[in-house]
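An overview of the molecular structure
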Amino acid sequence: MNSFSTSADTLAHLQRYAEEGFGDAAQVEMMQNRVPKLLVDTLAPAEYPEAPELEWCPPGHGDLYAALVGSGRLEELLAAGVRYAFISNSDNLGAQPDTRFLRCFAESGAPFVMEVTRRTEADRKGGHLATRRSDGQLLLRETAQCLPEDAESFSNIEKHRYFNTNNLWLRLDSLRDYLAEHAGVMPLPVIRNEKTLNPRDASTPHVYQLETAMGAAIQCFPGARAVCVPRSRFFPVKTCSDLLLLRSDAVEIDASGCMQLAPECGGVAPVVLLDSKCYKQVDSLAALGVPSLKHCRRLVVRGPHHFADVEPLSGEVEIG
């Protein structure tokens, strides 16, 4: 599933693999919907004549279910005999289909399975699992759904131990049946994210982007399960801190093309926390350099800094 803002770049890149069958947009792409950004002050749709495309935003990856139905892909897959789907975020470089997991999923009879992993310090703001008291149904709680007075409890990684990797396994016939029973609507919680109209210009008006999360669908399926998986199935690239870790020698690619931690890490990824004021955009990393992190447990960088080529770090390091 692609969005209007990333489609052109994605398809241009996939042209490199046209001979392998990845050059045809109709075969490789399902378009996500779009919704207007809303002005915080008035809740009216935002206007930005100098860049009209910035008036719109994708409605989050929870739009997957509507896009599957609206595009006709759900019925196409079912008609072709496809019963199970593995879904992941493109920014999780650890997400790979695993036939062993598929067999367990198929034999379990569960309609929906979420891969979770143990939270670390770097995951304090990410979505975690919870249980609905009334019936024991699993739920997903996201940071944006958390009240300010509950923020400390939300970020307690010992209390809420399991983090959603957004690696999901879904029975397509169960999805079809659920949508048929609920007028084609997946009732997911709406997340209100506040941002600036132009993400690169802090002086532009503040807007709300209304989104849903695909993992929240775990609450819709009785019998849905969560399975704790190794951290190697979760290598996200959501922040510059994530990207620095992946560029470092703490992460390797094995013979099968899968990402894994370097043996020196002892199975625990280094925690990287870069100053968001200095390192928010990808191009800001160019001046930082890439240190050696395979012997480092924790790296904190406050303010601008430059690492010499493959500067080795060890233990816990704080700079600035």
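Throughout, a residue's number is its position along its own chain's written sequence, starting from 1. A pLDDT threshold of at least 70 governs which residues receive local features in this predicted model, and a stricter bar of 80 or more applies before side-chain atom pairs are shown or counted, although totals over entire chains, interfaces and linings include all residues. With hydrogens and water excluded, all non-hydrogen atoms of the structure serve as input to the side-chain values.

Let's shift gears to helix H8 (residues 240-247). Turn by turn, an α-helix covers 3.6 residues, leaving residues three or four places apart pointing in a common direction. Buried residues dominate H8, accounting for 7 of its 8 residues. Burial status follows relative accessibility: with a 1.4 Å probe on protein chains alone, a residue under 20% of its type maximum counts as buried, one over 50% as exposed, and anything between as partly exposed. Starting at the N terminus, helices and strands are each numbered in turn, a helix being any DSSP run of H or I of at least four residues and a strand any DSSP run of E of at least two. Taken as a whole, H8 has its buried residues at Cys 240, Ser 241, Asp 242, Leu 243, Leu 244, Leu 245 and Leu 246. The contact rule is simple, with two residues in contact once any of their heavy atoms fall within 4.5 Å. Against the buried residues of H8 lie strand S12 (251-253), strand S13 (259-261), strand S14 (271-274) and strand S15 (292-301).

Attention shifts here to the packing of aromatic side chains. The rule is short: rings of Phe, Tyr and Trp, with Trp giving its six-membered ring, pair when the centres are within 6.5 Å, and they are stacked under 30 degrees, edge-to-face over 60, tilted in between. By the definition in use, this model includes 7 aromatic pairs. Centroid distance Tyr 178 to Phe 221: 5.4 Å. Interplanar angle 50°. Geometry classified as tilted. Taken together, the residues Tyr 178 in helix H7 (residues 172-181) and Phe 221 in the loop between strand S10 (206-211) and strand S11 (225-228) connect sequence positions 43 residues apart. As far as the burial class goes, Tyr 178 and Phe 221 line up, both buried. Following the ring pairs from residue to residue traces out a cluster consisting of Tyr 84, Phe 86, Phe 101, Phe 105 and Trp 169. Working rule: Lys NZ or Arg CZ, within 6 Å of ring centre, within 35 degrees of ring normal, means a charge sits over the ring. The ring centre of Phe 4 lies 4.1 Å from the NZ or CZ of Arg 34, which sits over that ring.

Only when DSSP finds a minimum of two bridges between them are two strands counted as paired. Across the sheet, 3 strands lie side by side as S2-S10-S9; this open sheet has antiparallel pairing. Single-partner strands in this sheet number two, and they are strand S2 (38-39) and strand S9 (191-196). Sheet topology places S2 next to S10; 2 bridges connect them, and they run antiparallel. Counterpart to Leu 39 in the pairing with S10 is Val 207.

What follows concerns the environment of Gln 145. Take Gln 145: it is sitting in the loop between strand S7 (138-141) and helix H6 (151-154). Between the C-alpha atoms of Gln 145 and Ile 191, which are 46 residues apart in sequence, the distance is 6.4 Å. With sequence-adjacent residues up to four places away left out, Gln 145 is seen in contact with Leu 140, Pro 189 and Ile 191.

Look at any regular strand and the pattern is simple: side chains alternate between the two faces of the sheet. Summarising burial for S15: 7 of the 10 residues are buried, a large majority. Here S14 runs beside S15; their pairing, made up of 4 bridges, is parallel. Bridging across to S15, Val 272 finds its partner in Leu 299. Judged from the 7 bridges that link them, S15 and strand S16 (residues 312-319) form a sheet pairing that is parallel. If you follow Cys 296 over to S16, its bridge partner there is Gly 315.

On to helix H5 (residues 99-108), then. Think of a polar contact as two N or O atoms within 3.5 Å of one another; within protein, one of them needs to be a possible hydrogen donor and the other a possible acceptor, and neighboring residues in sequence only count if both atoms come from side chains. Backbone nitrogen of Arg 100 and a side-chain oxygen of the N-cap are separated by 2.8 Å at the start of H5; the cap is Asp 98. Within two residues after H5, Gly 109 carries a phi angle of roughly 80°, on the positive side.

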